[in-house]
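Results of the structural survey
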Amino acid sequence: MKSAKEFAIWLHERFREMRNGVYLTKSDIAALSGRQRFTHEFITDIHYELTLKGMGFVTDTHREKFYLFHLPTEYWQAKGEGYREDTGSNVRTIVQSKHKGS
(Lines give C-alpha, C1' and ligand atoms only; values in the text may rest on other atoms or scores of the structure.)
Protein backbone atom coordinates (compact mmCIF):
# COMPACT_ATOMS: atom_id res chain seq x y z
CA MET A 1 0.00 0.00 0.00
CA LYS A 2 1.46 3.32 -1.06
CA SER A 3 1.23 6.38 1.13
CA ALA A 4 -0.28 9.54 -0.30
CA LYS A 5 3.19 11.07 -0.54
CA GLU A 6 4.64 8.06 -2.39
CA PHE A 7 1.69 8.00 -4.76
CA ALA A 8 1.95 11.76 -5.40
CA ILE A 9 5.64 11.40 -6.24
CA TRP A 10 4.84 8.56 -8.63
CA LEU A 11 2.04 10.55 -10.30
CA HIS A 12 4.31 13.57 -10.70
CA GLU A 13 7.13 11.53 -12.21
CA ARG A 14 4.80 9.70 -14.57
CA PHE A 15 2.65 12.61 -15.79
CA ARG A 16 4.62 15.85 -15.29
CA GLU A 17 5.28 16.21 -19.02
CA MET A 18 1.57 16.00 -19.91
CA ARG A 19 0.75 19.72 -19.96
CA ASN A 20 -2.98 19.13 -20.55
CA GLY A 21 -3.25 16.86 -17.50
CA VAL A 22 -4.93 13.48 -17.27
CA TYR A 23 -7.80 11.86 -15.47
CA LEU A 24 -7.83 8.50 -13.75
CA THR A 25 -10.76 6.33 -12.73
CA LYS A 26 -11.51 4.93 -9.30
CA SER A 27 -10.26 1.51 -10.40
CA ASP A 28 -7.05 3.11 -11.76
CA ILE A 29 -6.36 4.69 -8.38
CA ALA A 30 -7.06 1.41 -6.57
CA ALA A 31 -4.77 -0.58 -8.87
CA LEU A 32 -1.96 1.98 -8.95
CA SER A 33 -1.97 2.83 -5.24
CA GLY A 34 -2.53 -0.72 -4.02
CA ARG A 35 -5.47 0.44 -1.92
CA GLN A 36 -8.89 -1.18 -2.03
CA ARG A 37 -10.54 1.90 -0.60
CA PHE A 38 -9.30 5.42 -0.13
CA THR A 39 -10.63 8.29 1.88
CA HIS A 40 -11.14 11.94 1.11
CA GLU A 41 -8.09 12.61 3.34
CA PHE A 42 -5.95 10.37 1.10
CA ILE A 43 -6.97 12.42 -1.95
CA THR A 44 -6.41 15.69 -0.07
CA ASP A 45 -2.94 14.53 0.99
CA ILE A 46 -2.08 13.61 -2.61
CA HIS A 47 -3.26 17.05 -3.72
CA TYR A 48 -1.15 18.74 -1.04
CA GLU A 49 2.00 16.85 -2.04
CA LEU A 50 1.43 17.61 -5.73
CA THR A 51 0.86 21.33 -5.12
CA LEU A 52 4.42 21.50 -3.82
CA LYS A 53 5.44 20.38 -7.32
CA GLY A 54 3.07 22.72 -9.23
CA MET A 55 0.31 20.21 -9.89
CA GLY A 56 -3.18 19.60 -8.52
CA PHE A 57 -5.24 16.48 -7.89
CA VAL A 58 -9.01 16.64 -7.42
CA THR A 59 -12.01 14.35 -7.78
CA ASP A 60 -15.64 14.64 -8.73
CA THR A 61 -18.42 14.48 -6.14
CA HIS A 62 -18.84 10.71 -6.44
CA ARG A 63 -15.10 9.97 -6.46
CA GLU A 64 -15.37 8.17 -9.78
CA LYS A 65 -12.88 10.28 -11.76
CA PHE A 66 -9.70 11.92 -10.49
CA TYR A 67 -8.07 14.83 -12.31
CA LEU A 68 -4.34 15.53 -12.33
CA PHE A 69 -3.38 18.90 -13.81
CA HIS A 70 -0.74 21.62 -13.79
CA LEU A 71 -1.55 24.57 -11.59
CA PRO A 72 -1.45 28.10 -12.98
CA THR A 73 1.72 29.91 -11.96
CA GLU A 74 0.82 33.51 -12.69
CA TYR A 75 -1.19 35.69 -10.34
CA TRP A 76 -4.48 36.65 -11.98
CA GLN A 77 -3.94 40.41 -11.61
CA ALA A 78 -0.53 40.17 -13.27
CA LYS A 79 -2.41 39.64 -16.55
CA GLY A 80 -4.02 43.08 -16.21
CA GLU A 81 -7.36 41.83 -14.99
CA GLY A 82 -9.37 43.57 -12.32
CA TYR A 83 -12.91 43.89 -11.13
CA ARG A 84 -15.63 46.46 -11.60
CA GLU A 85 -17.85 47.52 -8.75
CA ASP A 86 -21.51 46.69 -9.29
CA THR A 87 -23.62 48.78 -6.94
CA GLY A 88 -26.64 46.50 -7.32
CA SER A 89 -24.83 43.34 -6.24
CA ASN A 90 -22.29 42.12 -3.74
CA VAL A 91 -20.66 40.07 -6.52
CA ARG A 92 -17.70 41.66 -8.30
CA THR A 93 -17.51 41.48 -12.08
CA ILE A 94 -14.08 40.59 -13.46
CA VAL A 95 -13.07 42.76 -16.40
CA GLN A 96 -10.09 42.59 -18.72
CA SER A 97 -8.12 45.82 -18.88
CA LYS A 98 -5.64 46.60 -21.62
CA HIS A 99 -2.13 47.34 -20.37
CA LYS A 100 0.82 48.16 -22.60
CA GLY A 101 3.56 45.58 -22.40
CA SER A 102 1.26 42.71 -21.40
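Figured I'd write up the structure that's included with this text.

1. Section: the packing of aromatic side chains
Counted by the stated rule, this structure contains 7 aromatic pairs. A centroid spacing of 6.1 Å and a plane angle of 5 degrees characterise the contact between Phe-7 and Trp-10, whose relative ring orientation is stacked. Residue Phe-7 and its partner Trp-10 are located together in helix α1 (residues 4-15), separated by 3 residues, close to a single helical turn. With a relative accessible area of 0%, Phe-7 lands in the buried category. A network of ring pairs unites the aromatic residues Phe-7, Trp-10, Phe-15, Phe-38, Phe-42, Phe-57 and Phe-66 as a single cluster. The aromatic ring of Phe-42 is capped on one face by Arg-35, whose charged end is 3.9 Å from the ring centroid. Between Lys-65 and the ring centre of Tyr-23, over which it is positioned, the NZ or CZ distance is 4.7 Å.

2. Description of the environment of Leu-24
When you line up the elements, Leu-24 lands in strand β1 (residues 22-25). Separated by 41 residues in sequence, Leu-24 and Lys-65 have C-alpha atoms that sit 5.7 Å apart. Not counting chain neighbours up to four residues away, the residues in contact with Leu-24 comprise Leu-11, Ile-29, Leu-32, Phe-57, Glu-64, Lys-65 and Phe-66.

3. Things to note about unusual backbone geometry
With a phi close to 55 degrees, Arg-63 is a non-glycine residue in the positive phi region. Mapping Arg-63 onto the fold places it in the loop between β2 (55-59) and β3 (65-70). A residue is classified by how much of its surface remains accessible, and Arg-63, at 30% relative accessible area, is partly exposed.

4. Digging into the sheet that holds β2
Whether parallel or antiparallel, the strands of a sheet pair through hydrogen bonds between backbone atoms. Spatial strand order, β1-β3-β2: 3 strands in an open sheet with antiparallel pairing. Looking at strand neighbours, the two that pair on one side only are β1 and β2, the edges of this open sheet. The average angle at which neighbouring strand axes cross in this sheet is 20 degrees, direction not considered. With 4 bridges joining them, β1 and β3 adopt antiparallel strand pairing. Looking across to β3, one finds that Thr-25 is bridged to Lys-65. The strands touched by helix α2 (residues 26-33) within the sheet are β1, β2 and β3, with β1 carrying the most contacts at an inclination of about 85 degrees. Its contacts with the sheet place helix α3 (residues 40-51) against β2 and β3, and it is angled at close to 165 degrees to β2.

Calculation notes
Residues numbered from 1 in each chain as written. Predicted model: local features only at pLDDT ≥ 70, side-chain atom pairs only at ≥ 80, totals over all residues. Heavy atoms only, no water. Phe/Tyr/Trp six-rings, centres within 6.5 Å; stacked < 30°, edge-to-face > 60°. Helix = DSSP H or I, 4+ residues; strand = E, 2+ residues; numbered from the N terminus. Buried < 20%, exposed > 50% of the residue type's maximum accessible area, 1.4 Å probe, protein only. Lys NZ or Arg CZ within 6 Å of the ring centre and 35° of its normal. Contact = heavy atoms within 4.5 Å. Pairing = 2+ DSSP bridges. Axes fitted to C-alpha atoms, helices over the stretch in contact; angles between N-to-C directions.

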